[in-house]
Amino acid sequence: MKGAIKYLLGLSVLATVVTGCEKVDVFEKNIAIPQQKWSSALHPEINFSIADTSSLYNIYVVVRHTDAYRYNNLWMNIYTQAPGAAQPDKQVLDLQLATNEKGWLGTGMDDIFEHRVRITARPVQLKPGLYRFRLEQIMRDEPLDHVLNVGLRVERAKI
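In short, a report on the structure.

Describing the packing of aromatic side chains
All chains considered together, the criterion is met by six aromatic pairs. Each ring, one from W104 and one from F113, has its centre 5.7 Å from the other, and the planes form 35°; the classification is tilted. For the pair formed by W104 and F113, the shared burial category is buried. An aromatic cluster is defined as three or more aromatic residues linked by ring pairs; in this entry it consists of F27, F48, Y131 and F133.

What to know about a nonpolar patch on the surface
A cluster of nonpolar residues, W75, V92 and I138, forms a patch on the protein surface that exposes about 250 Å² of accessible area. Mapping V92 onto the fold places it in strand β6 (residues 89–96).

Some points on the sheet that holds β6
The strand order across the open sheet formed by four strands is β3-β12-β5-β6, and the pairing between neighbours is antiparallel. Across the chains shown, the open sheet's two edge strands, defined by having one partner strand only, are β3 (45–50) and β6. Recorded for the sheet is a direction-independent mean angle of 25° between the axes of neighbouring strands. Pairing between strand β5 (residues 73–81) and strand β12 (residues 129–137): six bridges, direction antiparallel. Residue pairing for β12: T80 is matched across the bridge by F133.

What to know about the pairing of strand β14 (residues 147–156)
The buried count for β14 comes to nine of 10 residues, which makes it a mostly enclosed element. Where strand β4 (residues 56–66) meets β14, nine bridges bridge the pair, whose relative direction is antiparallel. Bridge pairing in β14 places I59 opposite V154.

Considering the pattern of salt bridges
Using the criterion set out here, one finds nine salt bridges in the structure. For E114, the salt bridge identified is with R116, shortest N-O distance 3.3 Å. Between E136 and R134 there is a salt bridge, and its shortest N-O distance comes to 3.7 Å. E136 sits in the buried class, given a relative accessible area of 10%. R134 gets classed as partly exposed once you look at its relative accessible area, which sits at 25%.

The rules behind each value
- Residues numbered from 1 in each chain as written.
- Predicted model: local features only at pLDDT ≥ 70, side-chain atom pairs only at ≥ 80, totals over all residues.
- Heavy atoms only, no water.
- Phe/Tyr/Trp six-rings, centres within 6.5 Å; stacked < 30°, edge-to-face > 60°.
- Buried < 20%, exposed > 50% of the residue type's maximum accessible area, 1.4 Å probe, protein only.
- Patch = residues over 30% accessible without salt bridge, like charges linked within 9 Å, V, L, I, M, F, W, Y side chains within 5 Å.
- Areas by Shrake-Rupley, 256 points an atom, 1.4 Å probe, with all protein chains shown as cover.
- Salt bridge = Lys/Arg side-chain N within 4 Å of Asp/Glu carboxyl O.
- Helix = DSSP H or I, 4+ residues; strand = E, 2+ residues; numbered from the N terminus.
- Pairing = 2+ DSSP bridges.
- Axes fitted to C-alpha atoms, helices over the stretch in contact; angles between N-to-C directions.

Encoded structure:
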């Protein structure tokens with residue numbers, strides 16, 4: 001009898017977990033920075049396709065770095081080429097990674113920190129097709145040390 005109760009309890013927990021998990025991630029890709037030194041000549045490119053145009057999306061830049069990263073921010077150019085566009089749009093961003101009062105703003109484990117910084121002011125509707133993103137660091141250091149990887153995350157907005 002106890003085995004049957006444990007079995008049913010296990011099934012109910014499993015059913016709750018499976019039905020309660022809503023997948024909001026549409027896409028995420030991170031690109032490793034060789035030797036943790038992001039040269040201004042290295043422009044990681046990330047491509048993804050969208051089919052669901054009825055949803056709204058939030059777009060994030062993902063940055064992982066070590067605790068030895070010297071700055072509270074990261075200046076970047078992000079070039080976005082939407083489906084059917086002849087030229088990419090350039091967005092200059094100052095990503096705030098830390099404050100003097102709070103320290104690192106992202107999540108961390110040991111000496112590695114990850115930041116997901118939203119680059120859309122509000123959820124956006126995307127066209128169907130292939131999107132191309134190119135990321136450039138435009139900091140004064142050459143190369144920019146202690147950056148592990150950078151990437152892009154696209155999530156379906158919760159409305």
